[in-house]
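Remarks on the overall topology
What follows is each chain in one-letter form.
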Amino acid sequence: MMEQYFKQSPNANSNPKTWSYTLKDQPFKFTTDNGVFSKNEVDFGSRVLIESFSPPAIEGDLLDLGCGYGPISIALASSYSDRIIYGVDVNQRALMLAEQNAKQNAVSNIIFKESDILSALKGKKFAAIVTNPPIRAGKKVVHQMFEEAQKAILENGELWVVIQKKQGAPSAQKKLEELFREVEVVNKEKGYYIFKAKKFDSNRQL
């Protein structure tokens, strides 16, 4: 059985590989390995999320929740050099690769942390959180990610989510609408939905 990429310490034998990829019209070089999500290329959902994202009007740091080996974090850090980008993940091997990838792409406005959802960032608030959630971890985990993200977003900040229709986009949208007053489908491409949920003062706090 294939080992899941959302484990803390993947046991899969290490076999790193390095390849090039273009995101937001910028060239990047990524090193990946066994035991991480989408090791052969930047997955389609992450690409659509990266290309669709625009930063909120408010100031503040950005967070990539479930950053893996770092393609979303690094692309955003490169595009928005005036922001600090945080990337968190539970997968230790992925985080080591993310650190390596940030260095080899000469991106310095980025901080990676090991964290079970947002447990390592207690009290930290963000202008925007982006996530390509680990669908195979189950709906309960994904919805918990949304709940914790809602609490960690500044007023007038945003949560951006990519999810496939066949992997739960309708239920994800329903959950987001419970947590946020304004939820917009920003983009739809090949069955992937990009949701933007905005937080206002009148939001119900959980």
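To keep things clear, this report deals only with the structure shown in the data block. Bear in mind that the values here come from a model prediction, so they are computed numbers and not experimental data. (Residues numbered from 1 in each chain as written. Predicted model: local features only at pLDDT ≥ 70, side-chain atom pairs only at ≥ 80, totals over all residues. Heavy atoms only, no water.)

A count of helical and extended segments in the chain gives 5 helices and 9 strands. Relative to the 2.2 N^0.38 estimate, which gives 17 Å for 206 residues, the radius of gyration of the chain is 16 Å and therefore close to what a compact globule would have. Along the three orthogonal principal directions, the C-alpha set of the chain runs to about 50 × 40 × 35 Å. Each of the 206 residues in the chain was classed as buried or not, and the buried ones make up 52%. (Helix = DSSP H or I, 4+ residues; strand = E, 2+ residues; numbered from the N terminus. Rg over C-alpha atoms; globule rule 2.2 N^0.38 Å. Buried < 20%, exposed > 50% of the residue type's maximum accessible area, 1.4 Å probe, protein only.)

Moving on, we come to the packing of helix α4 (residues 139-151) against helix α5 (residues 169-179). The geometry of α4 relative to α5 is characterised by a closest axis approach of 10 Å and an angle of 30° between their N-to-C directions. Compared by their axis directions, α4 and α5 come out roughly parallel. The two elements α4 and α5 meet at a crossing, and its hand is right-handed. On α5, the residues touching Lys139, His143, Phe146, Glu147 and Gln150 of α4 are Ser171, Ala172, Lys175, Leu176 and Leu179. (Axes fitted to C-alpha atoms, helices over the stretch in contact; angles between N-to-C directions. Parallel < 35°, antiparallel > 145°, perpendicular 65-115°, else oblique. Left-handed = near helix turned anticlockwise from the far one by under 90°. Contact = heavy atoms within 4.5 Å.)

In this section: the pattern of salt bridges. Counting across every chain of the model gives 5 salt bridges. With its nearest N and O atoms 2.7 Å apart, the salt bridge here joins Lys175 to Glu147. Of this pair, Lys175 sits in helix α5 while Glu147 is found in helix α4, placing the two residues 28 residues apart along the sequence. Of the residues examined, Glu147 reaches a relative accessible area of 27% and is grouped as partly exposed. Here the salt bridges share partners, and the residues they tie into one network are Glu147, Lys175 and Glu178. (Salt bridge = Lys/Arg side-chain N within 4 Å of Asp/Glu carboxyl O.)

Of all 5 residues in strand β4 (residues 85-89), 5 are buried; the element is thus mostly enclosed. Here β4 shows no split at all, with Ile85, Gly87 and Asp89 on one side and Tyr86 and Val88 on the other all buried. By the bridge criterion, 4 bridges tie strand β3 (residues 62-65) to β4 in an arrangement that is parallel. Counted as the bridge partner of Leu62 is Ile85 from β4. As for the winding sense of the linkage, the β-α-β connection from β3 through helix α2 (residues 71-79) to β4 is right-handed. Pairing analysis gives 5 bridges linking β4 to strand β5 (residues 110-114), with the strands arranged parallel. (Pairing = 2+ DSSP bridges. Right-handed = clockwise from strand over helix to strand, strands pointing away.)

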